Amino acid sequence: MHLAYDGSSIDGPAYLSIVGLAHRAPGWVDSLVTGWSAFGLGLFALLMVLAWWQARRADTPAAAVTALAVPPVTVLAFGVDSLLKLAVHENRPCRQLHAITLEACPAPGDWSFPSNHAALASAAAFALLLVSRRLGLVALAAAALMAASRVWVGAHYPHDVLIGFAVGALVALPATWAVQRKQSALAARLKDGPLRPLLTTARPAPYGGGGFAGRQ
């Protein structure tokens, strides 16, 4: 049996202040934040598709390879974050501090540290930043809002989302950079295979490369 860790000594008062602020905020603000906290990760999936589509439309197979790596890199960050959760076993703040929160308090055993939402959003944002600076900056702003929203709704301590955000960055940047370094070689290897339609809009040259016409 694993003993749960009490993280309230780190920033419990700050957490209670933010949760209290949420209760005093206008209802429409809480609705917006709650909706974003619950469904905002969908935006990152949309940005991933857009980054890949732009690279493919520009007929840059090498960039498309890196864009296609963003989803698995994000999943990798989620896996690392989940392993940390299992190692630390930090109780949710709403359970430890008996706080009334906007989001229903998760069941015992649903650990708090680090935040999966923050890690996923951060990983997607930093990976996208190496594919498209514009989309990456949009994703970074959205990731910061996602991390903040998880504290606002009462699901996490501030340190949970800060470390989750750091985990996402520390996994995504080197992993995406490693793919980017090899993107040209990977594109050359994949361009004549079944994944070609995912890399470029250009059609493969006809068999023989038009050589028959040149021999007439």
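Refer to the structure printed above.
Residues numbered from 1 in each chain as written. Predicted model: local features only at pLDDT ≥ 70, side-chain atom pairs only at ≥ 80, totals over all residues. Heavy atoms only, no water.

*Asks:* Pulling in residues and values, what's your account of the packing of aromatic side chains?
*Replies:* Given two aromatic rings, one states the distance between the centres and the angle between the planes to describe the pair. Within the structure shown, the criterion is met by four aromatic pairs. Ring geometry for Phe126 against Phe165: centres 6.0 Å apart, planes inclined by 80°, an arrangement best described as edge-to-face. Of the two residues, Phe126 sits in helix H6 (residues 116–129) while Phe165 sits in helix H8 (residues 158–181), which places them 39 residues apart along the sequence. (Phe/Tyr/Trp six-rings, centres within 6.5 Å; stacked < 30°, edge-to-face > 60°. Helix = DSSP H or I, 4+ residues; strand = E, 2+ residues; numbered from the N terminus.)

*Asks:* Could you give me a rundown of unusual backbone geometry, with the residues and numbers involved?
*Replies:* Of the consecutive residues Phe113 and Pro114, the connecting peptide bond is found in the cis state with omega at -10°. Mapped onto the secondary structure, Pro114 falls in the loop between helix H5 (93–96) and H6. The residue His89 is not glycine, and still its phi comes out positive at about 55°. Within the secondary structure, His89 sits in the loop between helix H4 (61–88) and H5. The backbone phi angle of His98 is positive, close to 55°, even though this residue is not glycine.

*Asks:* Got a sec to walk through a nonpolar patch on the surface? Specific residues and values, please.
*Replies:* Nonpolar side chains collect at one region of the surface, where Leu76, Val80 and Leu84 lie side by side and expose about 200 Å² of accessible area between them. Take Val80: it is sitting in helix H4. Overall, Val80 belongs to the partly exposed group, its relative accessible area being 31%. (Patch = residues over 30% accessible without salt bridge, like charges linked within 9 Å, V, L, I, M, F, W, Y side chains within 5 Å. Areas by Shrake-Rupley, 256 points an atom, 1.4 Å probe, with all protein chains shown as cover. Salt bridge = Lys/Arg side-chain N within 4 Å of Asp/Glu carboxyl O. Buried < 20%, exposed > 50% of the residue type's maximum accessible area, 1.4 Å probe, protein only.)

*Asks:* So what's going on with the pattern of salt bridges? Which residues, and what values?
*Replies:* For the structure shown, the criterion picks out two salt bridges. Here Arg150 makes a salt bridge to Glu103, at a shortest N to O gap of 2.9 Å. Taken together, the residues Arg150 in helix H7 (residues 133–152) and Glu103 in the loop between H5 and H6 connect sequence positions 47 residues apart. Classification of Arg150 by relative accessible area gives buried; the value is 4%.

*Asks:* Quick rundown of the packing of H6 against H7? Include the residues and the values.
*Replies:* Think of two packed helices as two axes; the pair is described by the angle between the axes and how far apart they sit. Orientation of H6 relative to H7, taken along the N-to-C sense of each, is 170°, at an axis distance of 7 Å. Classified by the angle between their axes, H6 and H7 sit roughly antiparallel to one another. Of H7, the residues touching H6 (which contributes His117, Ala118, Ala121, Ser122, Ala125, Phe126, Leu128 and Leu129) are Arg133, Gly136, Leu137, Ala139, Leu140, Ala143, Met146, Ala147 and Arg150. Tallied by class, the residues present in the contact of H6 with H7 amount to 12 nonpolar, three polar and two charged. (Axes fitted to C-alpha atoms, helices over the stretch in contact; angles between N-to-C directions. Parallel < 35°, antiparallel > 145°, perpendicular 65-115°, else oblique. Contact = heavy atoms within 4.5 Å. Nonpolar A, V, L, I, M, F, W, Y, C, P; charged D, E, K, R; others polar.)

*Asks:* Tell me about the packing of helix H3 (residues 41–57) against H6, and please be specific about residues and values.
*Replies:* One way to put it is that H3 packs onto H6 with a least axis distance of 10 Å and a crossing angle of 20°. Our classification of the angle between H3 and H6 gives roughly parallel. For the crossing formed where H3 meets H6, the hand is left-handed. Here Leu41, Phe44, Leu47, Met48 and Ala51 of H3 come into contact with H6, specifically with His117, Leu120, Ala121, Ala124 and Leu128. (Left-handed = near helix turned anticlockwise from the far one by under 90°.)

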